[in-house]
Amino acid sequence: MKRGMLMDHLSNYRHIQSIARATMNDLQTYIREGVTERDIVDRAERFMRSKGVDTFWYYGIGAFVHVGKRTLISESGRGYEPTACLVGRDDIVTVDLSPELNAYWGDHARTFVVCAGRVVAEQELRGSDIDFAGGVRMGIALHDAFISYVKPDRTFEQVYQYINELLRQHGCENLDFAGNVGHTIAFHKDDRRYFEQGNTMKLSEAALFTFEPHIRRKNGEYGFKREDIYYFDEGKLACL
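Computed from a prediction, not measured in an experiment: that's the story for all the values here. (Residues numbered from 1 in each chain as written. Predicted model: local features only at pLDDT ≥ 70, side-chain atom pairs only at ≥ 80, totals over all residues. Heavy atoms only, no water.)

1. A look at the sheet that holds strand E9 (residues 209–211)
1) Next: With antiparallel pairing, three strands are arranged side by side in an open sheet as E9-E12-E13. Since the sheet does not close on itself, it has two edges, and those belong to E9 and strand E13 (236–239), each with one partner. Shown here is a sheet whose adjacent strand axes are inclined to one another by a mean of 40°, direction ignored.
2) Next: Bridge count for strand E12 (residues 228–233) against E13 is four bridges, and the pairing is antiparallel. Looking across to E13, one finds that aspartate 233 is bridged to lysine 236. (Pairing = 2+ DSSP bridges. Helix = DSSP H or I, 4+ residues; strand = E, 2+ residues; numbered from the N terminus. Axes fitted to C-alpha atoms, helices over the stretch in contact; angles between N-to-C directions.)

2. Quick notes on the side chain of glutamate 173
1) Next: With respect to the helices and strands, the residue glutamate 173 is situated in strand E8 (residues 172–174).
2) Next: A distance of 2.5 Å separates the side chain of glutamate 173 from the side chain of arginine 216, its partner in a polar contact.
3) Next: When neighbours within four sequence positions are excluded, glutamate 173 is seen to be in contact with Leu167, His214, Ile215, Arg216, Arg217, Lys218 and Asn219. (Polar contact = N/O pair within 3.5 Å; in protein donor to acceptor, adjacent residues only side chain to side chain. Contact = heavy atoms within 4.5 Å.)

3. Overview of empty space enclosed by the protein
Where empty space is left in the structure can be found by rolling a water-sized probe over the atoms.
1) Next: Throughout the structure, instances matching the rule amount to one cavity of 30 Å³ or more.
2) Next: Reported here for the largest cavity is a volume of approximately 60 Å³.
3) Next: Along its surface, the largest cavity is lined by Arg110, Thr111, Glu122, Gly135, Val136, Gly139, Ile140, Phe224, Lys225 and Arg226.
4) Next: Elements with a minimum of two residues in the lining of the largest cavity: strand E6 (108–115), helix H4 (133–149) and strand E11 (224–225). (1 Å grid on protein atoms, 1.4 Å probe; cavity = no way out; pocket = protein on both sides within 12 Å on 5 of 7 lines; lining within 4 Å. Points joined across faces, edges and corners; volume = space filled by probe spheres on them.)

4. Concerning the sheet that holds E8
1) Next: Pairing is antiparallel in the open sheet, where three strands are placed in the order E8-E10-E11. The sheet is open, and its two borders are formed by E8 and E11, each paired with just one other strand.
2) Next: In this sheet, E11 lies alongside strand E10 (residues 214–217) in antiparallel orientation, the contact comprising two bridges. When the bridges of E11 are listed, histidine 214 appears paired with lysine 225.

5. Concerning the layout of surface pockets
1) Next: Roughly 450 Å³ of internal volume is contained in the largest pocket.
2) Next: Along its surface, the largest pocket is lined by 27 residues, and Tyr58, Asp176, Phe177, Arg192 and Glu212 are the ones closest to its centre.
3) Next: When its residues are assigned to classes, the lining of the largest pocket shows nine nonpolar, six polar and twelve charged.
4) Next: Quantified by volume, the second largest pocket comes out at close to 260 Å³.
5) Next: Looking at the second largest pocket, it is lined by 15 residues, and the ones nearest its centre are Met24, Asn25, Gln28, Arg110 and Glu122.
6) Next: Listing elements by their share of the lining of the second largest pocket, those giving two or more residues are helix H1 (6–30), E6 and helix H3 (122–125).
7) Next: Residue contributions to the lining of the second largest pocket peak at five residues, all from E6.
8) Next: When its residues are assigned to classes, the lining of the second largest pocket shows seven nonpolar, four polar and four charged. (Nonpolar A, V, L, I, M, F, W, Y, C, P; charged D, E, K, R; others polar.)

In structure tokens, the structure reads:
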């Protein structure tokens, strides 16, 4: 989508992204010890369809879910299949949602921390010594750094280099199978442009773009994801 067309479509994008956020809120109350990846995918997709979502833009997958050490996995949606892997009493779950409604995409990912069998609310993880809390906080910190750094005249390559240097400085690794940390929002998945080496496109040329670092502590056994959609509103970065 051309940058100049964004304002004509923004309300549609806000609507579909609001469905993604509502789905994630529902999953926070649903995910618990003993449910499986398949259960979580089914719950998420049924919830989104109940809100009017008619399809899922990422290879027909509404929810890309990994539990436990499977959170390290980064793979294309072409071959993804949720498993019967159970959520443990103290565990971690990554969820990446891809709803589509009338050709408009939502794209939203979060990491859930399960403690004593239930999800711990994100605000409770701030300053907490609960297992996995540090990884969630690192994801939040990366988004804060992204918001501070990004300007319309920055290139996708510059942002990619900046974020990967931050990861290195903090002892973290980029787990993405293609090495990128986000992409433009398009009307066809093959038209996406990425935050990656060699992409000298300026952010001002994009209407909407995601930031979605998938990371782990160096040599860590668990992965963490966090994704939101951003855009420029009169030169200032805004979260959809």
